[in-house]
Amino acid sequence: MENESCQSGKKPPMNPVLEDKPLEIFAQHIRALPSKFAVSMFGERIVKPVKQKVTNTSLFYYSATLPAAATNAFSGPSPDDVVLAAQSQSKGFGNSPKAKGKRKDEAALSAEEVSDGVKTLNISTPAAASYTTELERIAKTRKNIDVLEEYKKTNAKDSANFVVIGHVDAGKSTLMGRLLYDLGVVDERTMRKYKQEAEHIGRSSFAFAWVLDQTSEERNRGVTIDIATNKFETENCSFTILDAPGHKDFIPNMIAGASQADFAVLVIDSSVGEFETGFNHRGQTKEHTLLVRCMGVQRIIVAVNKLDNTNWSQARFEEIQQQISQFLTAAGFDPKNVSFIPCSGLTGDNITRKPKEDVLPWYDGPTLVEELEKSKPMKRAVEKPFRLTISDIFRGGVTRPVSISGRIESGYVQIGDILLDMPIAEKVAVKAIEVDDEPQDWAVAGHNVVLHLGGIDIDHLKQGDILCDATNSVPAVATFTMKVLAFESITPMAVDIHRGRLDAPGKVSRLINIIEKSTGAVLPKKPRHIAPGSIATIQVDVVGGTIPVEPQTRIVLRADGHTVAAGRVEAQV
């Protein structure tokens, strides 16, 4: 097909590659070279050029200017639009004055006007307005309760959280499952079902562990993966169990549990060889203990488990007691806050009931439950500004599409309060409160709560975010200094920053100083690296964003699957 230049009689510009070439050359450019397979089949004759007489030379020209139709290709309706318009016209859909006026207005719009209209389009404006309206509506439901005064009037039992820690396969879940079963939290029918299911797969000893390990992956692998929680009450106190995973791959989940604990139960496998494995340099017995101490736990109960495997040997119990006592004292635990309980999770001896006289004739101390009751919860910071780290986010139902759970670290909250979610600094309103699965009008520090929220999209919330007082919020920082205990050698390096459920990438950007352990004095020499076991001040940078931290926030630093350091934030840089 000839272009407009040829039709007008003017010779269009030639392709520069073919200019001043005979017409036979043009034909060679039309024909592609044969493939190697074709040459092998038909020989060299098919490679020889074929001379053809070219009658239409316009095939080898291109127009320097595009036709007018090409430049305005999209100025009119497309063929599909023409067909659809004709069909609508035939059915009478486009004959109304309103429709005619609309087509006239659309035709009058220029390309610039359409472009400007798209730029000014703001999709989020209606949603933001609805959230603001919801915040105002929920705020009006606030009853203005004097929470501190109401809290003083309550005669409820003390409540405490304790985290169960120790090396993998020390029997932590089995021990806690037996405790819950003996206290009647788990009924006989449920326990029988667990025993039958465990025997069916050849793991009858796992039945008590399945009270806490509920997921199929945990049961198939025989290890706890995430924090498992359960509750029980004694005569004097209400306890929440935080069963932490012992495997080294799930240390971040263990940190999340330790951040919510008032005290810890360290479970030791007393079997010959197993205690030594957990207590060596890479075992989780030492790492878990150091982590809970750095997270602020001061009280620890050591449950010397599986002592029935050693025929309830007093010598083995005292050997373990001596080694663990020395380590805990070096880690900073006061000996008066440390106690040792011999027990067996599988047989249930010395957990909720005293063993027979011929089983433990050399021990006349308390059972595990009796020792738990002696452990008083930490003092509640109810008068400080409100702080809650989000542990979980879920949809609480049709009327409660945004719900979060966690433990209140300080302050108090009531229905109708407006809080701030950090680090994104978005306001949220408290629609309803549940404390230990019971609806309440208010909650204070130390309570494990579910807050049903309004005024925010659920996708904006993340685990590890902090809900805080809107008038006294936690700052979102990108760089901070912290005082740490080094678990490994520290140099300027990439690390993972852990605070409760928060896990953010970061780096140690500067080694500021090393502190003498005995005197607390700062050594004058600027460090090039920090040796394991040293106390030092370092600067940490958050990579690619900010995290909500304030002075005295407890942070754990990890790298390559190992804990590098743990300590407290000193200042924002």
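Right above here is the structure, for reference.
To start, this report covers the structure provided alongside it.

Scoring rules and cut-offs
- Residues numbered from 1 in each chain as written.
- Predicted model: local features only at pLDDT ≥ 70, side-chain atom pairs only at ≥ 80, totals over all residues.
- Heavy atoms only, no water.
- Salt bridge = Lys/Arg side-chain N within 4 Å of Asp/Glu carboxyl O.
- Helix = DSSP H or I, 4+ residues; strand = E, 2+ residues; numbered from the N terminus.
- Pairing = 2+ DSSP bridges.
- Axes fitted to C-alpha atoms, helices over the stretch in contact; angles between N-to-C directions.
- Core = buried A, V, L, I, M, F, W, Y, C linked by side-chain atoms within 4.5 Å.
- Buried < 20%, exposed > 50% of the residue type's maximum accessible area, 1.4 Å probe, protein only.
- Contact = heavy atoms within 4.5 Å.
- Patch = residues over 30% accessible without salt bridge, like charges linked within 9 Å, V, L, I, M, F, W, Y side chains within 5 Å.
- Areas by Shrake-Rupley, 256 points an atom, 1.4 Å probe, with all protein chains shown as cover.
- Lys, Arg positive; Asp, Glu negative; His and termini not counted.
- Charge placed at Lys NZ, Arg CZ, Asp CG, Glu CD.

What follows is about the pattern of salt bridges. A full pass over the atoms with the stated rule returns 17 salt bridges. A salt bridge links lysine 374 to glutamate 371; its shortest N-O distance comes to 3.8 Å. One end of the pair is lysine 374 and the other is glutamate 371, both in helix α17 (residues 368-374) and three residues apart, which spans about a single turn. In this structure, the salt-bridge partner of glutamate 434 is arginine 400, at a minimum N-O distance of 3.7 Å. With glutamate 434 in strand β12 (residues 426-435) and arginine 400 in the loop between β8 (392-394) and β9 (402-410), this pair connects stretches of sequence that are 34 residues apart. The network of salt bridges with common partners includes Asp262, Arg380 and Arg407.

Before going further, it helps to examine the sheet that holds strand β20 (residues 502-515). Strand order around the closed barrel formed by six strands is β18-β21-β20-β19-β23-β24, with antiparallel pairing between neighbours. Each adjacent strand pair in this sheet contributes to an overall mean axis angle of 45°, direction not counted. With six bridges joining them, strand β23 (residues 554-559) and strand β24 (residues 562-572) adopt antiparallel strand pairing. When the bridges of β24 are listed, valine 556 appears paired with alanine 566.

The next point concerns the nonpolar core. Core analysis: the largest hydrophobic core is formed by 75 residues, its most contacted members being Phe162, Met176, Leu179, Val302, Ile324 and Leu372. Apart from the residues within four sequence positions on either side, leucine 179 is in contact with Phe232, Ile351, Thr352, Leu368, Val369 and Leu372.

Here the focus is a positive patch on the surface. A cluster of basic residues, Arg189, Arg192, Lys193 and Lys195, forms a positive patch on the protein surface. For arginine 192, the position within the fold is in helix α11 (residues 188-200). On the basis of relative accessibility, which here comes to 44%, the residue arginine 192 falls in the partly exposed class.

Looking now at the sheet that holds strand β1 (residues 158-165). Taken in spatial order, the six strands of this open sheet run β2-β3-β1-β4-β5-β6, and their pairing is mixed. Each end of this open sheet is capped by a strand with a single partner; those strands are β2 (228-233) and β6 (338-342). Sheet twist, expressed as the average angle between the axes of neighbouring strands with direction ignored, equals 25°. Here β2 runs beside strand β3 (residues 237-243); their pairing, made up of six bridges, is antiparallel. Among the inter-strand pairings, asparagine 230 is bridged to a residue of β3, identified as isoleucine 241.

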